[in-house]
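Inside the fold
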Amino acid sequence: MQRARPALPIPLLLLLLSGPLPGAAAPRDPVDECHQQLPLARSAASWIVGGHEAPEGAWPGVVSLQVLRGGVRFMHLCGGVLLSHRAVLTAGHCVDGRMDPCSWRAVVGAHNLHKHGPYTARRRIRRIIVHSQFKRETFENDVALLELKSAVRYSLYIQPMCLPPAALLPPLENSSDCYISGWGRMAEKGKTSSVLREAQVGILPHSLCNSSEGYAGLVNDKALCAGTWAGGTDSCQGDSGGPLACYHPDTDKFFLVGIASFGVGCGRPRYPGIYVRLSQYRTWIKAKLLLINSTWNPVGSTLSILLAVLHAALAQIL
Ligand code: ARG
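Notes on the structure follow. None of the values given here were measured: they were computed from a predicted structure.

1. Topic: empty space enclosed by the protein
- Taken as a whole, the second largest cavity holds about 100 Å³ of empty space.
- The wall of the second largest cavity is formed by 13 residues, among which Gly-57, Trp-59, Gly-109, Ala-110 and His-111 lie closest to the centre.
- Here the residues of the lining of the second largest cavity are counted per class, giving nine nonpolar, three polar and one charged.

2. Comments concerning the site of the ligand
- Taken together, 14 residues lie around the ligand, and Asp-234, Ser-235, Gly-238, Ser-240 and Gly-265 are the ones closest in.
- The side chain of Ser-235 places a nitrogen or oxygen atom 2.9 Å from a nitrogen atom of the ligand.
- Within the backbone of Gly-238, an N or O atom sits 2.7 Å from an oxygen atom of the ligand.
- Comparing atom positions with the cavity grids shows the ligand to sit within the largest pocket.
- Across the shell around the ligand, the residue classes break down as three nonpolar, nine polar and two charged.

3. Concerning the sheet that holds strand E6 (residues 121-130)
- Taken together, six strands build a closed barrel; the order of strands is E2-E3-E4-E7-E6-E5 and the barrel is antiparallel. Averaged over neighbouring strand pairs, the angle between their axes works out to 45° when direction is ignored.
- Of the pairings in the sheet, the one linking strand E2 (residues 62-69) to strand E3 (residues 73-84) comprises eight bridges and is antiparallel in character. Within E3, the position partnered with Val-62 by the bridge is Val-81.
- The sheet contacts of helix H5 (residues 282-295) involve E3, strand E4 (87-90), E6 and strand E7 (144-148), and relative to E6 the element is tilted by about 120°.

4. Description of the layout of surface pockets
- The calculated volume of the largest pocket comes to roughly 630 Å³.
- Considering the residues around the largest pocket, the lining is formed by 32 residues, among which His-76, Leu-77, Thr-192, Gln-237 and Gly-238 are closest to the centre.
- Split by residue class, the lining of the largest pocket holds eleven nonpolar, 16 polar and five charged.

5. Here we look at the packing of aromatic side chains
- Across all of its chains, the model carries eight aromatic pairs by this definition.
- Here Trp-59 and Tyr-179 contribute two aromatic rings whose centre-to-centre distance is 5.6 Å and whose plane-to-plane angle is 45°, an arrangement assigned as tilted. Taken together, the positions of Trp-59 in the loop between strand E1 (52-53) and E2 and Tyr-179 in strand E8 (residues 178-182) put the pair 120 residues apart, joining distant regions of the chain.
- With relative accessibility at 10%, the residue Trp-59 sits in the buried group.
- Considering the side-chain rings of Phe-139 and Phe-262, the 5.7 Å spacing of their centres and the 90° angle between planes classify their relative orientation as edge-to-face. Taken together, the residues Phe-139 in the loop between E6 and E7 and Phe-262 in strand E12 (residues 253-262) connect sequence positions 123 residues apart.
- A residue is classified by how much of its surface remains accessible, and Phe-139, at 25% relative accessible area, is partly exposed.
- Clustering of aromatic rings is evident, with ring pairs tying together Trp-59, Tyr-179, Tyr-247 and Phe-254.

Definitions and limits used
- Residues numbered from 1 in each chain as written.
- Predicted model: local features only at pLDDT ≥ 70, side-chain atom pairs only at ≥ 80, totals over all residues.
- Heavy atoms only, no water.
- 1 Å grid on protein atoms, 1.4 Å probe; cavity = no way out; pocket = protein on both sides within 12 Å on 5 of 7 lines; lining within 4 Å.
- Points joined across faces, edges and corners; volume = space filled by probe spheres on them.
- Nonpolar A, V, L, I, M, F, W, Y, C, P; charged D, E, K, R; others polar.
- Near = heavy atom within 4 Å.
- Polar contact = N/O pair within 3.5 Å; in protein donor to acceptor, adjacent residues only side chain to side chain.
- Sits in = over half its atoms within 2 Å of the grid points.
- Pairing = 2+ DSSP bridges.
- Helix = DSSP H or I, 4+ residues; strand = E, 2+ residues; numbered from the N terminus.
- Axes fitted to C-alpha atoms, helices over the stretch in contact; angles between N-to-C directions.
- Contact = heavy atoms within 4.5 Å.
- Phe/Tyr/Trp six-rings, centres within 6.5 Å; stacked < 30°, edge-to-face > 60°.
- Buried < 20%, exposed > 50% of the residue type's maximum accessible area, 1.4 Å probe, protein only.

And the structure:
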């Protein structure tokens, strides 16, 4: 005779009824549910190559992605952008050939890379996801997401950057009020910067950027050109993966419109920087963020398994 399924013991029942553990919550839409606080500081005037030191806390979503050199020291290699508590967006070419998560770390909430403040968080990497159609010959689909081993807590110095809602794209993708930021070289053959720098740039029309004096058709519609046609202000080596953030006056917010991808030299006339046009990667980003959010939480999932085993065992005993 089959025994009736026993009722769950009260403490276990309470635990299960109390809902999912933090972090095991049903994944919400991370792209549409991005909330950012106003940054601590904001640049008054604009001024990477041709830029200036960013005020501390001005870009709380900017991340320094660093690789292990000689097994002991981490070296800044690329920029990145924090999209959620444990996801950093960067350029695909930054991780190309360096797909071992153990060789990377992310430094979040930093200003001076050689002097981490009390609000700086360092995280090792659990997983690296590169766009499956990334082409190293042409830098097409130059995007990747890094999953942090543990979540970072948001603060005044650590905030996610938001992708713009679709309705805001037309003004933002033509904006002349955008900023690039990073720790990259300050001149084409110059040194990298130990403090975060920023520069104001405008998004340039495709027709101009692709004209025969410029990139001559090399830039496709999944990329944006930003900088100045006359040269002088640009991202450079070490800035890749970092943000191109444009200001939206009505909401008084900056939105993430692109990430630094490539350029001919740095700051040269007629060769502005090329940025990944993120509006073309919304679906990809959304899918990968959901993947990260739903598969993370080792504690939560271990506990759920333990509870299930306990439940089954109790069903046998009682
Ligand atoms: N590919 C470079 C990097 O790996 C970024 C180059 C951006 N160049 C430019 N002229 N905007 O850091």
